[in-house]
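# Notes for the structure review
What follows is each chain in one-letter form.
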Amino acid sequence: MYFLGYDLGSSSVKATLIEAESGRLIASASAPEVEMEMISLQTGWAEQNPEIWWQNLKKATHQLLNKAALPAEDIKAIGISYQMHGLVLIDQNLEVLRPSIIWCDSRAVEIGAKALDELGEIYCLKHLLNSPGNFTASKLKWVKDHEPEIYQKIFKILLPGDYLAARMTGEVNTTHTGLSEGIMWDYLEKNVSHRLFDYYGLDTSLIAPIVPVFSEQATLHKSIAEELGLAPKTKICYRAGDQPNNAFSLNVLHPGEIATTAGTSGVIYGVTDQPVADLHSRVNTFIHVNHLENNPSYGILLCINGTGILNSWLRKNFLTQGETMMSYEKMNELAAQTPIGADHLLVLPFGNGAERMLQNQNIGASFHHLDLNRHHQGHLCRAVQEGIVFSMNYGFEILKAMGLNSQVIRAGQANMFLSPLFCEAFVNVAQVNLELYNTDGAQGAARGAGVGLGYYQNPTEAFQSLACLQSYSPDAEKSKRYQETYQQWEKILKQQIS
């Protein structure tokens, strides 16, 4: 028996198969080979066509099945992880009405700020645990105001993972965790936030039926099973946003535990059993995947839009020869040959939309103290990695003030955490121990499918094969040098946001 996990990111779709009994990774694949297109018609806008997600899910599935070479009937359950906060609009025929307004789109910032002011901070922080902000409900309000002809055609609003599930099964539903991620959930009423929807003039009937995160949510449609090469009646048994799922994939499920990731965006995600909120909504509280009425679990999310995307931008635009881009391994090598502090070159990585951590300011990415006579490729590579770490630490200080102060943080050995220099900088700036594990979002989704199917009686059974591959700890001398550089970086940031 096997479980299939999908991880829909903003760059690619990854598919993974694990063996149920051992939890062992069997095969994985991703598509496309280059990053998926992001549409930005205006400054601060970010959209993607859901059809591109679907086509790449098919490609990744076919690659995966070719690698695995096992009977499709042996794959018993599917789990889906997806980029959070995105808005997908469908009509009665389940056809998409417009490109998805995705997580890093900033067009609804003013709408959310006005809602916070008029609904009141006390109400929002008690009932929503967040400002309505630039989240899914506010994005829907933008569509209603600016594209009324499209709004009138909406049958249901979906998150990206909901859309994939509907495309695969013909069944339309969502989860309470997903609704909380879109700031559409009232934590005191334990229901969709009717007051916020009434304030925005939105119809709550647009919300799809709610299913549990771990459950037999829907069944693969026969024609889609043939299209994908899977067996008809395969169950979708798990669905979660990428950051709650990343925490789940690392077995971060108990109060005080913290997970991190650094792909296109950078995230630190801590678990608590208390419905706490940041007064300025710089970090956000959502329902965690294992939340129960009698055993509450919440995830506090620090998200920085511009992290790994800056490293990718540097590579594509400055580290190329002809059509050949420098490998990330070579970039890491060049960075490691440059001393801590990159000879005073400092980088703010905030170039991917408004940053919640900066109270929805969009200050852009910027390089400081660049010396055209001294600085070379190695300095650029190092300063970019250090700038990303500094931004994550700046947010981590907010989480610490809310009581999340674990001395151990877990991450999958992927993306920026493949760089030893990045890991070194991370532990020495944040003053924590870092553990890297043999997992990723797609594996987490596959394990979640096993829990949802009921094969695993609890998450402990699902994580029997989870192993720590490497760990990093702070070094006193290096910490001193990193902290000095961080203080210089923080001073520049505060000047930018003042």
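Attention here is on the structure that accompanies the text. (Residues numbered from 1 in each chain as written. Predicted model: local features only at pLDDT ≥ 70, side-chain atom pairs only at ≥ 80, totals over all residues. Heavy atoms only, no water.)

### Some remarks on the overall build of the protein chain
- Along the protein chain, the regular secondary structure elements total 17 helices and 23 strands.
- Across its three principal directions, the C-alpha atoms of the protein chain cover 60 × 55 × 50 Å.
- Taken across its 498 residues, the protein chain has 60% of its residues classed as buried.
- When contacts within the protein chain are restricted to residue pairs at least 6 apart in sequence, long-range pairs at least 24 apart make up 74% of them.
- For the protein chain, the exposed surface amounts to about 19400 Å²; the carbon and sulfur share of it is 47%.
- Mean positive and mean negative side-chain charge positions of the protein chain (37 and 51 charges, respectively) differ by 1 Å. (Helix = DSSP H or I, 4+ residues; strand = E, 2+ residues; numbered from the N terminus. Buried < 20%, exposed > 50% of the residue type's maximum accessible area, 1.4 Å probe, protein only. Contact = heavy atoms within 4.5 Å. Areas by Shrake-Rupley, 256 points an atom, 1.4 Å probe, with all protein chains shown as cover. Lys, Arg positive; Asp, Glu negative; His and termini not counted. Charge placed at Lys NZ, Arg CZ, Asp CG, Glu CD.)

### Some words on the pattern of salt bridges
- According to the stated counting rule, one finds 22 salt bridges in the structure shown.
- Where Glu227 meets Lys58, a salt bridge forms, and the shortest distance between an N and an O atom there is 2.8 Å. Of this pair, Glu227 sits in helix 9 (residues 222-228) while Lys58 sits in helix 1 (residues 50-68), placing them 169 residues apart in sequence.
- You can call Lys58 buried: its relative accessible area is 14%.
- A single network of salt bridges, built from pairs that share partners, joins Glu47, Arg98, Asp105, Arg107 and Glu147. (Salt bridge = Lys/Arg side-chain N within 4 Å of Asp/Glu carboxyl O.)

### As for the side chain of Thr307
- Mapped onto the fold, Thr307 is located in the loop between strand 16 (298-304) and helix 11 (308-318).
- For Thr307, a relative accessible area of 0% puts it in the buried group.
- Setting aside residues no more than four positions away along its own chain, Thr307 makes contact with Gly263, Thr264, Ser265, Gly266, Ile388 and Ser391.

### Here's the deal with the pairing of strand 21 (residues 408-412)
- Counting buried residues along strand 21, 4 of its 5 residues qualify, which places the element largely inside the surrounding structure.
- Bridging between strand 13 (residues 258-262) and strand 21 involves 2 bridges; their strand directions are parallel. The residue of strand 21 that forms the bridge with Ala259 is Arg410.
- Each parallel crossover has a hand, and the one from strand 21 via helix 14 (residues 420-430) to strand 22 (residues 433-437) is right-handed. (Pairing = 2+ DSSP bridges. Right-handed = clockwise from strand over helix to strand, strands pointing away.)

### Here's the deal with the sheet that holds strand 22
- Taken together, 7 strands build an open sheet; the order of strands is 15-16-14-13-21-22-23 and the sheet is mixed. The two strands at the open ends of the sheet, each matched to only one other strand, are strand 15 (284-287) and strand 23 (468-472). In this sheet, neighbouring strand axes are inclined to one another by 25° on average, regardless of whether the strands run parallel or antiparallel.
- Relative to strand 23, strand 22 runs antiparallel, the two sharing 4 bridges. By the bridge assignment for strand 23, Leu434 is matched with Tyr472.
- The sheet strands contacting helix 13 (residues 377-401) are strand 13, strand 14 (266-272), strand 16 and strand 21, and the helix crosses strand 16 at an angle near 150°.
- Strand contacts of helix 14: strand 13, strand 21, strand 22 and strand 23, with the helix running at about 145° to strand 22, the strand carrying the most contacts. (Axes fitted to C-alpha atoms, helices over the stretch in contact; angles between N-to-C directions.)

### Brief notes about the packing of helix 13 against helix 17 (residues 476-497)
- Contact pair helix 13 / helix 17: the axes reach a minimum separation of 10 Å and the direction vectors enclose 75°. One element, helix 13, and the other, helix 17, form an angle in the roughly perpendicular class. Touching Arg382, Glu386, Gly387, Phe390, Ser391, Asn393 and Tyr394 of helix 13 are Tyr482, Thr485, Tyr486, Trp489, Glu490, Leu493, Lys494 and Ile497, all from helix 17. (Parallel < 35°, antiparallel > 145°, perpendicular 65-115°, else oblique.)

### Comments concerning helix 15 (residues 441-453)
- Over its 13 residues, helix 15 runs 18 Å from end to end, which matches the ideal 18 Å to within 8%, given 1.5 Å per residue.
- In terms of residue burial, helix 15 counts as a mostly covered element, since 12 of its 13 residues are buried.
- Here helix 15 has its buried residues at Gly441, Ala442, Gln443, Gly444, Ala445, Ala446, Arg447, Gly448, Ala449, Gly450, Val451 and Gly452.
- A distance of 3.2 Å separates the backbone nitrogen of Ala442 from a side-chain oxygen at the start of helix 15, and that oxygen is part of Asp440.
- Just beyond helix 15, the residue with positive phi is Gly454, at close to 95°. (Expected span 1.5 Å × (residues − 1). Polar contact = N/O pair within 3.5 Å; in protein donor to acceptor, adjacent residues only side chain to side chain.)

### A word on the nonpolar core
- In terms of nonpolar packing, the biggest core is built from 67 residues, with Leu89, Leu140, Val143 and Ile157 touching the most fellow members.
- Beyond its immediate sequence surroundings of up to four residues, Leu140 is in contact with Leu87, Leu89, Tyr151, Ile154, Ile157, Leu202 and Leu206. (Core = buried A, V, L, I, M, F, W, Y, C linked by side-chain atoms within 4.5 Å.)

### Concerning the sheet that holds strand 12 (residues 235-241)
- Strand order in this open sheet of 6 strands is 3-2-1-5-12-11, and the pairing throughout is mixed. Looking along the sheet, the strands with just one partner apiece sit at the ends: strand 3 (25-31) and strand 11 (214-219). Neighbour-to-neighbour, the strand axes of this sheet turn through a mean angle of 25°, independent of strand direction.
- Both strand 1 (residues 2-8) and strand 5 (residues 75-82) contribute to a ladder of 7 bridges, which runs parallel. Following the sheet pairing, Tyr2 is matched in strand 5 by Ile75.
- With respect to the sheet, helix 6 (residues 160-169) is in contact with strand 1, strand 5, strand 11 and strand 12, its orientation differing from that of strand 5 by roughly 150°.
- Along the sheet, helix 15 contacts strand 1, strand 2 (13-19), strand 3, strand 5, strand 11 and strand 12; its crossing angle with strand 1, the most-contacted strand, is approximately 130°.

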